[in-house]
Amino acid sequence: MISFAVYLFAGVAVLMVVLALAWIGPRLFSAPGVRAGLDRETTNLEIYRDELAQLTVDYQCGRLSPEALEEARAELSRRLLDDTGDHEPNVNRMCMPTRAVGVVVMLLVPLLAGGLYLNVGSVGALHAVAGGEQTEQNFYQQLQDHVKRYPSDARAWIILGRHEMSTDRFQEAIKAFESGMAASPKVANDATVLCELAEAIGMAQGGTLKGRPRELVEKALAVAPDNALALELAGGAAYEEQDYATAAMHWNALLAQIPENSQAYQQLRFAIARVEMEAMRAQQEGELLALP
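Thresholds applied
Residues numbered from 1 in each chain as written. Predicted model: local features only at pLDDT ≥ 70, side-chain atom pairs only at ≥ 80, totals over all residues. Heavy atoms only, no water. Helix = DSSP H or I, 4+ residues; strand = E, 2+ residues; numbered from the N terminus. Buried < 20%, exposed > 50% of the residue type's maximum accessible area, 1.4 Å probe, protein only. Contact = heavy atoms within 4.5 Å. Areas by Shrake-Rupley, 256 points an atom, 1.4 Å probe, with all protein chains shown as cover. Core = buried A, V, L, I, M, F, W, Y, C linked by side-chain atoms within 4.5 Å. Phe/Tyr/Trp six-rings, centres within 6.5 Å; stacked < 30°, edge-to-face > 60°. Lys NZ or Arg CZ within 6 Å of the ring centre and 35° of its normal. Axes fitted to C-alpha atoms, helices over the stretch in contact; angles between N-to-C directions. Left-handed = near helix turned anticlockwise from the far one by under 90°. Parallel < 35°, antiparallel > 145°, perpendicular 65-115°, else oblique. Nonpolar A, V, L, I, M, F, W, Y, C, P; charged D, E, K, R; others polar. Expected span 1.5 Å × (residues − 1). Polar contact = N/O pair within 3.5 Å; in protein donor to acceptor, adjacent residues only side chain to side chain. Salt bridge = Lys/Arg side-chain N within 4 Å of Asp/Glu carboxyl O. pLDDT = per-residue confidence, 0-100.

On to the overall build of the chain, then. A tally of regular secondary structure across the chain gives 14 helices and zero strands. Tracing the chain from N to C terminus, the helices and strands come up as α-α-α-α-α-α-α-α-α-α-α-α-α-α. Counting only residues that meet the buried cut, the chain has 28% of its 292 residues in that class. Taking as baseline every contact in the chain between residues at least 6 positions apart, the subset at least 24 positions apart corresponds to 52%. On the chain, roughly 19,000 Å² of surface is accessible, and the fraction owed to carbon and sulfur atoms is 61%.

This is the structure in structure tokens:
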């Protein structure tokens, strides 16, 4: 897999250089200076032709005398000779250097591209990208080996639990979080770790925070009332129980910690507005039921 990635990169790189040369080559060898000179001469001739026609019209309309007409024609002739008299030497001077430059550029582009990559790039980076999945698997294996050798390393257990959560292995994540909490009283009272364990259990039991997950979240709030993850999960647990007023309370506390110009702020604000409407409706329904 790694060799294929390297070959693929090399093939793409060569293709890009070829395409670049195919694009700039015709422009270098087609002597744009010559074309520009010829186009400019054609434009000048058209301008002089138009001016000569205008002189004829002015003479026929009586705005120019015969003497003035001849003088103007002579002036146009001199200007035309001045602009086009040196055209042939310019063609020769511009054509040959352009071809020489084209040859030099065509040779230098691939050499410079290869030299730049060898100087700045790294084939090892290709191996790292191609072997990304293998590297992650190696890390996971090394982490498992580490906690087996050092089961009292609480933080390593927590890192393993987070890795298991990222790959949706919720039961394995629960075991890792619980092992880390058992290894260290400090970790066992970490509000974030308590919430992470609550999330793992909740996902393992079908996406609900009822039961032990909610107990863990309440413990996290008791330890750290301002913990953002605890406030988020506490609001979710309350909403799940249709306790809309409590959900709004926790989420409003969380909202105060989020930048107002962020998308997360707008989303949470919308959720709070919804639960507040639900809380108001539940209160009205309760008042109606209380009527005799």
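Having seen the model, we can carry on.
Turning our attention to the nonpolar core. Among the nonpolar cores identified, the biggest contains 38 residues, and F177, M181, L197 and L268 are the most heavily contacted of them. At eight residues, the largest contribution of residues to this core is made by helix α10 (residues 191-204). Setting aside anything within four residues of it in sequence, one finds F177 in contact with I158, G161, R162, M165, E196, L197 and A200. Core analysis: the next-biggest nonpolar cluster, separate from the first, contains seven residues, L143, V147, L160 and A176 among them.

The next thing to look at is the packing of aromatic side chains. Applying the stated criterion across every chain yields a total of two aromatic pairs. In textbook terms, an aromatic cluster arises when at least three aromatic residues are bridged by ring pairs, as seen for Y239, Y244 and W251. Across from the ring centre of Y140, 4.7 Å away, lies the NZ or CZ of R169, which sits over that ring.

So, about the packing of α10 against helix α12 (residues 228-240). Where α10 contacts α12, the two axes come as close as 8 Å, and the packing angle between them is 35 degrees. For the element pair α10 and α12, the recorded crossing hand is left-handed. Every residue of α12 that contacts α10 at T192, C195, E196 and E199 is listed here: L229, A230 and L233.

Closest axis-to-axis distance for the α12/helix α13 (residues 244-255) pair is 8 Å, and the angle between their directions is 160 degrees. Taken together, the axes of α12 and α13 are roughly antiparallel relative to one another. Seen along the crossing, α12 lies across α13 with a hand that is left-handed. When α12 is examined against α13, the residues A228, L231, E232, A234, G235, G236, A238 and Y239 are found in contact with a partner set consisting of Y244, T246, A247, H250, W251, A253 and L254. Residue composition of the contact of α12 with α13, by class: 10 nonpolar, four polar and one charged.

This part covers α10. The end-to-end C-alpha separation of α10 is 20 Å, in line with the 20 Å expected for 14 residues at 1.5 Å each. Buried positions along α10 lie against α7 (154-166), α8 (170-183), α9 (185-188), α11 (212-223) and α12. One side-chain oxygen of the residue at the start of α10 lies 2.9 Å from the amide nitrogen of T192, identifying that residue as D190. Note on α10: the residue one or two positions beyond its end, G206, has a positive phi of about 100 degrees.

With that settled, the discussion passes to the side chain of E196. Mapped onto the secondary structure, E196 falls in helix α10. Take E196: its relative accessible area is 13%, and that puts it in the buried class. Once residues within four sequence positions are removed from consideration, E196 is found in contact with I158, R162, F177 and L229.

Quick look at the pattern of salt bridges now. Scanning all chains against the criterion turns up six salt bridges. The salt bridge partner of E164 is R169, with a shortest N-O separation of 2.6 Å. Look at E164 and you get buried, because its relative accessible area is 3%.

Right, let's get into the confidence of the model for the chain. Of the residues in the chain, 53% have a pLDDT of 70 or more, and the chain-wide mean is 75. This model gives residues 31-39 a pLDDT under 50, and the stretch forms 11 contacts once residues within four places in sequence are excluded.

In this model α8 runs 20 Å from its N-terminal to its C-terminal C-alpha over 14 residues, within 8% of the 20 Å that 1.5 Å per residue would give. In the core, the buried residues of α8 are packed alongside α7, α9 and α10.

Its identity is not glycine, yet D168 carries a phi of approximately 65 degrees, on the positive side. Unusually for a residue other than glycine, Q242 sits at a positive phi of about 65 degrees. Structurally, Q242 can be placed in the loop between α12 and α13. The exposed category is assigned to Q242, whose relative accessible area is 58%.

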